Amino acid sequence: MIKIIRLGSQFTELSVENYQKAEIPENKKEQKILSAVFLSNEKDAPKALSLAEIAYEGELELSKIEFCKAETQQRCLAGSLRIPRFSDVRGSKIKIQFFINSRNIVIIDESDFSERILRGIRQSRVNQGSTRELFLYNFISQFMNRDLEYLGRYEKKIMKMEEDVTNGKTEEFLELMYPIRRDLLILREYYDELRDLGKELEENKNHFFARKYLKYFGTIADRADRLMGRTMHLIDYMNQVRDAYQAQVAEQQNQNMEFLTIISTIFFPLTLITGWYGMNFKNMPELENGYHFVIILSIIVVLIIIWIFKKKKIL
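Residues numbered from 1 in each chain as written. Predicted model: local features only at pLDDT ≥ 70, side-chain atom pairs only at ≥ 80, totals over all residues. Heavy atoms only, no water.

A. Fine view of the nonpolar core. With 59 residues, the main nonpolar core has Leu81, Phe135, Phe139 and Phe143 as its most contacted residues. Here this core takes 12 residues from helix H7 (residues 214-277), the largest share from any one element. Ignoring sequence-local partners within four residues, the contact set of Phe143 consists of Leu81, Ile83, Phe113, Ile117, Tyr190 and Leu194. Counting 20 residues, the second largest nonpolar core, distinct from the first, contains Val16, Leu49, Leu62 and Cys76. (Core = buried A, V, L, I, M, F, W, Y, C linked by side-chain atoms within 4.5 Å. Buried < 20%, exposed > 50% of the residue type's maximum accessible area, 1.4 Å probe, protein only. Helix = DSSP H or I, 4+ residues; strand = E, 2+ residues; numbered from the N terminus. Contact = heavy atoms within 4.5 Å.)

B. Examining the side chain of Asn204 more closely. Along the chain, Asn204 turns up in the loop between helix H6 (173-203) and H7. According to the relative accessible area criterion, Asn204 is buried, its value standing at 9%. Not counting residues up to four positions away in its chain, the partners in contact with Asn204 are Phe209 and Leu214.

C. A nonpolar patch on the surface, seen in detail. On the surface, a cluster of nonpolar side chains totalling about 520 Å² of accessible area is made up of Met257, Phe259, Leu260, Ile263 and Phe267. One can find Leu260 in helix H7. (Patch = residues over 30% accessible without salt bridge, like charges linked within 9 Å, V, L, I, M, F, W, Y side chains within 5 Å. Areas by Shrake-Rupley, 256 points an atom, 1.4 Å probe, with all protein chains shown as cover. Salt bridge = Lys/Arg side-chain N within 4 Å of Asp/Glu carboxyl O.)

D. View of empty space enclosed by the protein. Per the counting criterion, the structure on display carries two cavities of 30 Å³ or more. When its volume is computed, the largest cavity comes out at roughly 60 Å³. What lines the largest cavity is Leu81, Ile96, Phe98, Ile105, Ile107, Leu136, Phe139 and Ile140. Counting only elements with at least two residues in the lining of the largest cavity, the list comes to strand S6 (94-100), strand S7 (105-109) and helix H4 (132-142). Residue contributions to the lining of the largest cavity peak at three residues, all from H4. (1 Å grid on protein atoms, 1.4 Å probe; cavity = no way out; pocket = protein on both sides within 12 Å on 5 of 7 lines; lining within 4 Å. Points joined across faces, edges and corners; volume = space filled by probe spheres on them.)

E. Representation of the pattern of salt bridges within the structure. In the structure shown here, the tally under the stated rule is 15 salt bridges. Residue Arg153 pairs with Glu149 through a salt bridge whose shortest N-O separation is 3.1 Å. With Arg153 and Glu149 both in helix H5 (residues 147-166) and four residues apart, the pair spans about one turn of that helix. Among the residues examined, Arg153 registers a relative accessible area of 43% and is labelled partly exposed. Asp192 serves as the salt-bridge partner of Arg195, at 2.6 Å between the closest nitrogen and oxygen. In this pair, Arg195 and Asp192 are both assigned in helix H6, three residues apart and thus about one turn of the helix distant. Taking the relative accessible area as the measure of exposure, Asp192 reaches 27% and is therefore partly exposed. Here the salt bridges share partners, and the residues they tie into one network are Lys3, Glu13 and Glu115.

F. Highlighting H4. Taken across its 11 residues, H4 has 11 buried, putting it largely inside the fold. Buried within H4 are the following residues: Arg132, Glu133, Leu134, Phe135, Leu136, Tyr137, Asn138, Phe139, Ile140, Ser141 and Gln142.

G. Representation of the sheet that holds strand S4 (residues 69-72) within the structure. The strand order S2-S1-S3-S7-S6-S5-S4 describes an open sheet built from seven strands, whose pairing is mixed. Since the sheet does not close on itself, it has two edges, and those belong to strand S2 (12-14) and S4, each with one partner. The average angle at which neighbouring strand axes cross in this sheet is 20°, direction not considered. Note that S6 and S7 share five bridges and pair antiparallel. Bridge pairing in S7 places Phe98 opposite Ile107. With respect to the sheet, H4 is in contact with strand S3 (36-40), strand S5 (77-83), S6 and S7, its orientation differing from that of S7 by roughly 25°. Packed on one face of the sheet, H6 meets S4, S5 and S6 and runs near 160° to S5. (Pairing = 2+ DSSP bridges. Axes fitted to C-alpha atoms, helices over the stretch in contact; angles between N-to-C directions.)

H. The packing of H5 against H6, seen in detail. The geometry of H5 relative to H6 is characterised by a closest axis approach of 11 Å and an angle of 150° between their N-to-C directions. Judged on the interaxial angle alone, H6 and H5 are roughly antiparallel. Handedness of the H5/H6 crossing: left-handed. Facing Asp147, Leu151, Tyr154, Lys157, Ile158, Met161 and Val165 of H5, the residues of H6 in contact are Phe173, Leu176, Met177, Ile180, Asp183, Leu184, Leu187, Tyr190 and Tyr191. Split by residue class, the contact of H5 with H6 holds 13 nonpolar, no polar and three charged. (Parallel < 35°, antiparallel > 145°, perpendicular 65-115°, else oblique. Left-handed = near helix turned anticlockwise from the far one by under 90°. Nonpolar A, V, L, I, M, F, W, Y, C, P; charged D, E, K, R; others polar.)

Encoded structure:
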């Protein structure tokens, strides 16, 4: 499957046959076809690269993509995208390869993600692809548009967790915290990679892009930087809530220890008294009629200990 889109004031879809015919000028004065975007799956990627006249030195294997990056080669600019799905950030990622030369762009995608992005660009923008620079800017921006909204959902979850911790509801805190924290760490790395990718495009080492359009790639880098900053803020917020949770747990443990200390302090002298009178050796005071005496002594000891605790404001 190869889909060809001619760039211009509006997208024009072409078949492979029509593209090849358009590439053959009827006379020397006729200009060749304008820039085009080739959307292909992995199987037909070599043919798409050949049609786009892009020479790539490397492997065409989407499964091996681990980063969002752009690599400048002698005759093309090669890049990859590894995009988390917000429905399952820790799950499988959307993997895309793209290739650029002085005239064309090739996008390799096994899913329908890139095609949906193209439809979104066509429906929402005017002059969405008049140049390769504008197309790349719109393509990358399209799948970053809702990221702030998704990050806002994480913020609401963390705020709810903070409220629960404040109210002493700490039973499920760790089960909720660890997945959110892992998601945010993955997103932080993803935005950092997107920022570097935008900077690499802006450097324009092969001079494939017009200088006046390089600002669009700087905008991509800035947007990724802001999203990364927002993600780092959420990670810091999550850490603050975790510290509050740990303080709450420590306070509960201190209260439990304080209660156990009070109980131990009260019963230790009673244990001593009962142990003493339980030995029954000769000449023990109150040996024969000491039952009531021991009870009264125990009550007096308990009252004295309670009075001491109240005086020290422990009870």
